[in-house]
Amino acid sequence: IFSLLISSTPAPLENAGQILVVLTDDWNKKTGKLYKFSRNNAGFAQDGRAIKVSVGRSGLGWGVGLHPADSPMLFGEPEKKEGDRKSPAGIFSLGGMYGYAPRPPEGAALHYHHADNLYCVDDIGSADYNRIIPGPVAVSAEKMRRDDGLYELVVVINHNQARTPGRGSCIFLHVARRGGATIGCTAMSHGDMFSLAKWLKPEKSPAVVQLPRAVYNRVRAEWKLPKI
């Protein structure tokens, strides 16, 4: 049944020229590896080494993205919810960049926003849920210009773009806290984050795939994902 359902829809990555693949050992793992791939005439080719990453403190849960919406129901697997400290599993396009500096790093091409006085709303009752808006704000929201270096440079993961209340908000690629997992994002070393930001090219419609390795292998052929 799963194969028939997936085959009746377009491949989620058919327009992507660059993809990031984040694999963990299982749904509950807090760490994983990130692989970069660029599309060529033969498919996807790995670009550079694998990067160590941290994911949510509670692991992964199916999010809302480019993958089929019935993926979690077919196998009874966890779903991402607001506040569950899970990173979203599935396939997601990537959005813009935000950072503490007035201008983007040299060589970075994604659309850049200076993070001062910007907030990402995580209040499920707000009309601005899962949006980044100017402050001040009167609802629950994350400062994009934190008092630490975690958001020094971030790339938005386009999870829950329909902004369905309670399905999760404010999901980013960002700099890792030393020795710690995230509350739902995917984090890496400072150097790896800045290198990745320069590698991503908006004209290549970059996307990210995040899955436990066993699930990745299960859907790889149907979703036309590279072999790892």
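Quick look at the structure, then. (Residues numbered from 1 in each chain as written. Predicted model: local features only at pLDDT ≥ 70, side-chain atom pairs only at ≥ 80, totals over all residues. Heavy atoms only, no water.)

## Points about the overall build of the chain
A tally of helices and strands in the chain yields four helices and 14 strands. Here the C-alpha atoms of the chain give a radius of gyration of 17 Å, agreeing with the 17 Å that 2.2 N^0.38 yields for 228 residues. With the C-alpha coordinates aligned to their principal axes, the bounding extent of the chain is approximately 50 × 40 × 30 Å. Here the chain, with 228 residues, has 51% of them falling under the buried criterion. Taking as baseline every contact in the chain between residues at least 6 positions apart, the subset at least 24 positions apart corresponds to 65%. Summing over all exposed atoms, the chain offers an accessible surface of approximately 10600 Å²; the carbon and sulfur share of this is 50%. Between the mean site of the 29 positive side-chain charges and the mean site of the 21 negative ones, the chain shows a separation of 5 Å. (Helix = DSSP H or I, 4+ residues; strand = E, 2+ residues; numbered from the N terminus. Rg over C-alpha atoms; globule rule 2.2 N^0.38 Å. Buried < 20%, exposed > 50% of the residue type's maximum accessible area, 1.4 Å probe, protein only. Contact = heavy atoms within 4.5 Å. Areas by Shrake-Rupley, 256 points an atom, 1.4 Å probe, with all protein chains shown as cover. Lys, Arg positive; Asp, Glu negative; His and termini not counted. Charge placed at Lys NZ, Arg CZ, Asp CG, Glu CD.)

## Considerations on the pattern of salt bridges
Scanning the model with the defined rule gives eight salt bridges in all. Close ionic contact of arginine 145 with aspartate 116 constitutes a salt bridge, the shortest N to O distance being 3.6 Å. Residue arginine 145 is located in the loop between β10 (141-143) and β11 (153-157), and its partner aspartate 116 is located in the loop between β7 (112-114) and β8 (118-121); the two are separated by 29 residues in the primary sequence. Arginine 131 is the salt-bridge partner of aspartate 128, the closest N and O atoms lying 3.4 Å from each other. (Salt bridge = Lys/Arg side-chain N within 4 Å of Asp/Glu carboxyl O.)

## What to know about the state of the cysteines
Here the structure, examined in full by the defined rule, presents one disulfide. At a sulfur-sulfur separation of 2.2 Å, the disulfide partner of cysteine 120 is cysteine 170. On the sign convention where negative means left-handed, the S-S torsion of about -100° between cysteine 120 and cysteine 170 marks this disulfide as left-handed. In this pair, cysteine 120 sits in strand β8 while cysteine 170 sits in the loop between β11 and β12 (172-175), placing the two residues 50 residues apart along the sequence. A residue is classified by how much of its surface remains accessible, and cysteine 120, at 2% relative accessible area, is buried. Free cysteine cysteine 185: the closest other cysteine sulfur is in cysteine 170, separated by 8.0 Å. (Disulfide = S-S within 2.5 Å.)

## A look at the packing of aromatic side chains
Applying the stated criterion to the full structure yields three aromatic pairs. Look at tryptophan 27 and tryptophan 62: their rings are 5.9 Å apart centre to centre, the planes differ by 55°, and that puts the pair in the tilted class. With tryptophan 27 in the loop between β1 (18-24) and β2 (31-40) and tryptophan 62 in strand β5 (residues 60-62), this residue pair connects regions lying 35 residues apart in the sequence. Here tryptophan 27 falls in the buried class, since its relative accessible area comes to 15%. Among the residues examined, tryptophan 62 registers a relative accessible area of 1% and is labelled buried. A ring pair is formed by tryptophan 62 and tryptophan 223, whose centres lie 6.3 Å apart and whose planes are at 75°; its orientation type is edge-to-face. (Phe/Tyr/Trp six-rings, centres within 6.5 Å; stacked < 30°, edge-to-face > 60°.)

## Re a positive patch on the surface
Taken together, Lys30, Arg57, Arg85 and Arg177 make up a surface patch of like positive charges. Tracing the backbone shows arginine 57 in the loop between β4 (51-54) and β5. Relative accessible area serves as the criterion here: at 37%, arginine 57 is assigned to the partly exposed category. (Patch = residues over 30% accessible without salt bridge, like charges linked within 9 Å, V, L, I, M, F, W, Y side chains within 5 Å.)

## With respect to helix α4 (residues 213-223)
For α4, the set of buried residues is Val215, Tyr216, Val219 and Trp223. In an axial view of α4, the angular spread of the buried residues amounts to 95°, which keeps them on one side of the axis. Turned more than 90 degrees away from the buried face of α4 sit Ala214 and Ala221, all of them exposed. Once α4 finishes, lysine 224 follows within two positions and takes phi at roughly 55°, a positive value. (Arc of directions from axis to C-beta.)

## Things to note about the pairing of strand β3 (residues 43-46)
Of the strand pairs in this sheet, β2 and β3 are connected by four bridges, and their pairing is antiparallel. Bridge pairing links serine 38 to alanine 45 in β3. From the end of β2 to the start of β3, which pair antiparallel, there are two residues. (Pairing = 2+ DSSP bridges.)

## Notes on the nonpolar core
Counting residues in each nonpolar core, the largest one holds 47 residues, and the members touching the most others are Leu20, Leu173 and Leu211. With sequence-adjacent residues up to four places away left out, leucine 211 is seen in contact with Val22, Leu23, Thr24, Leu60, Trp62, Ala89, Gly90, Tyr216, Val219 and Trp223. Residues Leu118, Tyr151, Cys170 and Cys185 belong to the second largest nonpolar core, which totals 13 residues. (Core = buried A, V, L, I, M, F, W, Y, C linked by side-chain atoms within 4.5 Å.)

Such coordinate-based values are descriptive only and should not be taken to indicate function.
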